[in-house]
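These are the residues of each chain, in order.
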Amino acid sequence: MPLLGPRGRIPLQRCILCTHNIPRLQVQFAKQLPQNARIFSTTPTPLRKGGHVKSKPKPNPVFSKPVSSSFVRRVGEPCPVRQGGHFGGRSRDKKEVDIQNYTDLRLNFFMKRLHQYWDEELKELGVTYAEAKEEFNLFVDRVLSQDFKTLPPSPIDGGESENFLLKETAIPTPLELKRAQNVGEEVFDSILVEKYRSFTLREKSAPIAEMQRWLTDLQHPHEWYPETRSMQRTWIMHVGPTNSGKTYRALKRLEECSSGIYAGPLRLLAHEIYDRFNAKGISCNLVTGEEQRLEHLQAKITSSTVEMVDTTRDVEVAVLDEIQMIGDKYRGWAWTHALLAVRAREVHMCGEERTVELIKNLAALTGDKLVVHRYNRLGPLHTANESLNGDWNSIQKGDCVVTFSRKDIFAIKKTIEEKTGKRCAVVYGGLPPETRSYQARLFNDQSNDYDVLVASDAVGMGLNLSIQRVIFETLTKYDGESDKLLEVPHIKQIGGRAGRYRVAPSLPQKISGHENGEPGTIPPVGPLPAMPNPGIVTTFEKADLKLLTYAMNATTPDIKTAGIHPPDRVIEKFAKTFPVRKPFSQILEKMVQMSRVNSNLFHLCSMDASMHSAGVVEGTKGLTVAERITIMQAPLPRNNPNVKQALVAYSKLIAESRSGSILDVAGLEFDVLDDYLEAKEEEAKRAEAMKNAAKGSQMELSKMWSEVAVPRDSSMSTLPALEGLHKSTMLWLWLSYRFPSVFTPRETAFDLKKITEDAIQDILSKTNYNRAKKLRSREKAKRKGAFGELDELLMEDGVVENPWEEKPQAATAA
Ligand SMILES: Nc1ncnc2c1ncn2[C@@H]1O[C@H](COP(=O)(O)OP(=O)(O)OP(=O)(O)O)[C@@H](O)[C@H]1O
């Protein structure tokens, strides 16, 4: 039976995602598709190949542990009558049977009278009867799943420190129970009741509080990696402004070593290094959160994103790129972790001068040797004396216009294309990295007409761009609440992209005799040909130019502290000190409140994003603490409800241990892709009709027009939706490496990713953005408002008061 096409209009036979193999999936557009093929699938699930591989639902993990006795009933279920104290039918050591069965019996007894122990104190502390029952069941499981056979020593007699605290307060050990049994039933019962109560209220008990304090002591993160501490390492810093060849030098060293790691801030960069090394015949694997390419069994290099850096194997060289991000409020922990933990004899760091003091202090802490190489810019960079004076006609080939919202990017693109006839490539954070790098290539390529780049601050890192002039359309960025002035290092980093030095094909890769820095273990590199033209930085509006000049010349303050983050195993232990009813996001909040760090050297990275993600999946029943910890680290954009919905759907799959294709997940925006591909097909038909009509009569032409639908504008509304679908797909892929048996098959998700990227790329290549708004009036108003204020700071004689300086608080009247 033929399936219906999108919206049931086109009769189609098959779904390409279901019935064609991978190479055919890469066919992008309708005219290239096989006749009658379904463009993109909304095929009912049972008809799909590979769909619906459902495994048995996973039992609720709270009750999944095999208990060593027969006590497997839950509160509220009928209690089988037990006589004579023999359970389970196995013959056991008499001592074991006695104490275990005795405990089982007494717990059974308490279970029936639980309402008596759910007293005022528990009620006042907000424990409902249902929760008291749930806690009781958990308590029973924990007590009876202990090893009664060997009667492990009580912690008081010398147990493990952390278990000691937990067991001492929450769960009576077999030995304690045995001792209590020897004293008598009354004592035994009172211990059980007391332990149950303290288990239910474990978060409030003194030893548990002690345990929590112990777990939240994050003052010595360098001690978390004893194996690395036993190594003598050399840290080599390559510091300098943007475009000074820092990364180039570090990569040269990596190229020569016997085994190494590259860790960069972006997936894009990790890919670039992976491609570059493999192209040179140096075996390199790729490990990012969303993708792993482990083609080489004995790869010399592994290129990864910094969060994924491998700290378990010994290597000769590790390169940590953009080391100044160690101070980042959100992601700084990943650099600190990599720096303190990576087992490399040489750790090369590339970044800004303002990290040197901090790294010196960290080296003193770990005992590693430090060498610093300083570099100058490879080509000059000037701030222009003139702005564009608000005139888009002054745009030239090689210009990059920087603005901060998608709408403005497209509005500016449209204006420039209309006014100057030059085509614009675009780059912004919401675009998939693959699309960003494709757009960068379009702009760099001299042989096409993409002369101008319109970009957000995403242009500041990770892309090799031949920009001649950076033009700030604005110096403020909306942060979710209001427009905020960009920070000086941010302005410098973006501005520094102008005049980027590029390797000429004939340029020798290594010329000895010159060292652009202090001597060290890096290979010498010869003098470089001068840059033909200096890079220029300017603004679109005249009013912003003084501020830009100030920022470009300002010295940036040192980064004082390195970010840290509690290790996962610590979060897990901390979470287990709370009752099961406590929402996980609140446990994280508590962890943040209680954490103590050495504030001279470290700061605790914001866990807001993790708490947010934990909150999104809070309602998913059956997730273990470890699963919640993993899910909270998944890349989730805050402002996209569709991706959040996808995360909830994915978390349910994890909780239920249900596997299946991404195409089976309800709620993903597949329709948008269907619509896009359908519009594409219509467009192709229309083009064909026009071609034929040009050959035919006027009458035929009008007949064609009436038959062929005019394509809908699929740019401005479709683009964000496709970006969202791409993010949901990436989220799936990210989870697929953490829960491989649930998120399968991965290939379908990679196909979907590719199709979505191609669609986004195609939309971006259209010049006619009918719905692109004019530059928003908000922009104009903002400029008058925010910059009106700033203008007051810019004094007449050109002296600028530093708007970034923190003003002392005015004394308030008593
Ligand atoms: N010695 C050299 N020989 C040839 N090309 C070089 C050399 N040094 C740097 N380059 C080239 O100059 C460009 C900028 O170098 P690189 O990326 O290392 O700078 P960077 O200081 O790390 O800049 P950013 O901080 O912006 O990443 C690159 O295209 C790089 O290949």
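Remember, it's a predicted structure, so these values are computed and weren't measured experimentally.

Calculation notes
- Residues numbered from 1 in each chain as written.
- Predicted model: local features only at pLDDT ≥ 70, side-chain atom pairs only at ≥ 80, totals over all residues.
- Heavy atoms only, no water.
- Helix = DSSP H or I, 4+ residues; strand = E, 2+ residues; numbered from the N terminus.
- Buried < 20%, exposed > 50% of the residue type's maximum accessible area, 1.4 Å probe, protein only.
- Contact = heavy atoms within 4.5 Å.
- Areas by Shrake-Rupley, 256 points an atom, 1.4 Å probe, with all protein chains shown as cover.
- Pairing = 2+ DSSP bridges.
- Axes fitted to C-alpha atoms, helices over the stretch in contact; angles between N-to-C directions.
- Domains from an automatic or database assignment.
- Buried area = accessible area lost by both parts, 1.4 Å probe.
- Salt bridge = Lys/Arg side-chain N within 4 Å of Asp/Glu carboxyl O.
- Polar contact = N/O pair within 3.5 Å; in protein donor to acceptor, adjacent residues only side chain to side chain.
- Core = buried A, V, L, I, M, F, W, Y, C linked by side-chain atoms within 4.5 Å.
- Parallel < 35°, antiparallel > 145°, perpendicular 65-115°, else oblique.
- Left-handed = near helix turned anticlockwise from the far one by under 90°.
- Nonpolar A, V, L, I, M, F, W, Y, C, P; charged D, E, K, R; others polar.

(A) Local environment of the overall build of the chain. A count of helices and strands for the chain gives 29 helices and 22 strands. When each of the 814 residues of the chain is scored for burial, the buried share is 52%. Sequence separation of 24 or more characterises 76% of the internal contacts of the chain that already satisfy a separation of 6 or more. If you sum the accessible surface of the chain, you get close to 37300 Å²; carbon and sulfur atoms cover 52% of it.

(B) Focus on the sheet that holds strand E13 (residues 381-383). Judged by pairing direction, the sheet is parallel, and its six strands sit side by side in the order E13-E20-E17-E14-E16-E15 without closing on themselves. Both outer strands of the open sheet, E13 and strand E15 (423-427), are each paired with one neighbouring strand and no more. Strand-to-strand twist in this sheet, taken as the mean axis angle between neighbours without regard to direction, amounts to 25°. Here four bridges tie strand E17 (residues 469-472) to strand E20 (residues 535-539), and the two strands are oriented parallel to one another. Its bridge partner being in E20, Phe472 is matched across the sheet by Thr539. Contacts from helix H19 (residues 545-553) reach E13, E17 and E20, with the element oriented near 135° to E20.

(C) How the structure looks around the pairing of strand E9 (residues 301-305). A large share of E9 lies buried, amounting to five of its five residues. With burial as the criterion, each face of E9 is covered, one bearing Ile301, Ser303 and Thr305 and the other bearing Thr302 and Ser304. Taken together, the five bridges between strand E6 (residues 260-264) and E9 define a ladder with parallel strand orientation. Looking at the pairing, Tyr262 lines up with Ser303 of E9. Relative to E9, strand E7 (residues 284-287) runs parallel, the two sharing four bridges. Residue pairing for E9: Cys284 is matched across the bridge by Ile301.

(D) Broad picture of the domain arrangement of the chain. Structurally, the chain comprises domain 1 (3-55 + 662-764), domain 2 (61-215), domain 3 (221-369), domain 4 (381-553) and domain 5 (566-656). Tallying the contact residues gives 17 residues for domain 2 and 15 residues for domain 5. Between domain 2 and domain 5 lies a buried interface of about 1500 Å² when both sides are counted; carbon and sulfur atoms form 59% of it. Counting across the domain 2 and domain 5 interface gives zero salt bridges. Our count for the domain 2 to domain 5 interface comes out at two residue pairs in polar contact (both at pLDDT 80 or more). Broken down by secondary-structure element, the contributors of at least two residues to the side of domain 2 that touches domain 5 are helix H6 (129-144), helix H7 (161-169) and helix H10 (206-215). If one sorts the elements of the side of domain 2 that touches domain 5 by residue count, H10 sits on top with six residues.

(E) Looking closely at the nonpolar core. The biggest cluster of nonpolar side chains holds 58 residues, and the ones touching the most others in it are Ile416, Tyr650, Trp732, Leu735 and Phe743. Of all the secondary-structure elements, those providing two or more residues to this core are helix H16 (406-420), E15, strand E16 (450-455), helix H24 (641-656), helix H25 (670-695), helix H27 (718-736) and helix H28 (746-764). Among the elements that take part in this core, H27 stands out by supplying 10 residues, more than any other. Apart from residues no more than four positions distant in its own chain, Leu735 is found in contact with Leu647, Tyr650, Ile654 and Phe743.

(F) Region of the structure containing the packing of helix H21 (residues 584-594) against helix H22 (residues 608-616). Orientation of H21 relative to H22, taken along the N-to-C sense of each, is 160°, at an axis distance of 8 Å. Taken together, the axis directions place H21 and H22 in an arrangement best described as roughly antiparallel. Seen along the crossing, H21 lies across H22 with a hand that is left-handed. On H22, the residues touching Phe584, Ser585, Leu588, Glu589 and Val592 of H21 are Ser610, Met611, Ala614 and Gly615. Classifying every residue of the contact of H21 with H22 by side-chain character gives five nonpolar, three polar and one charged.

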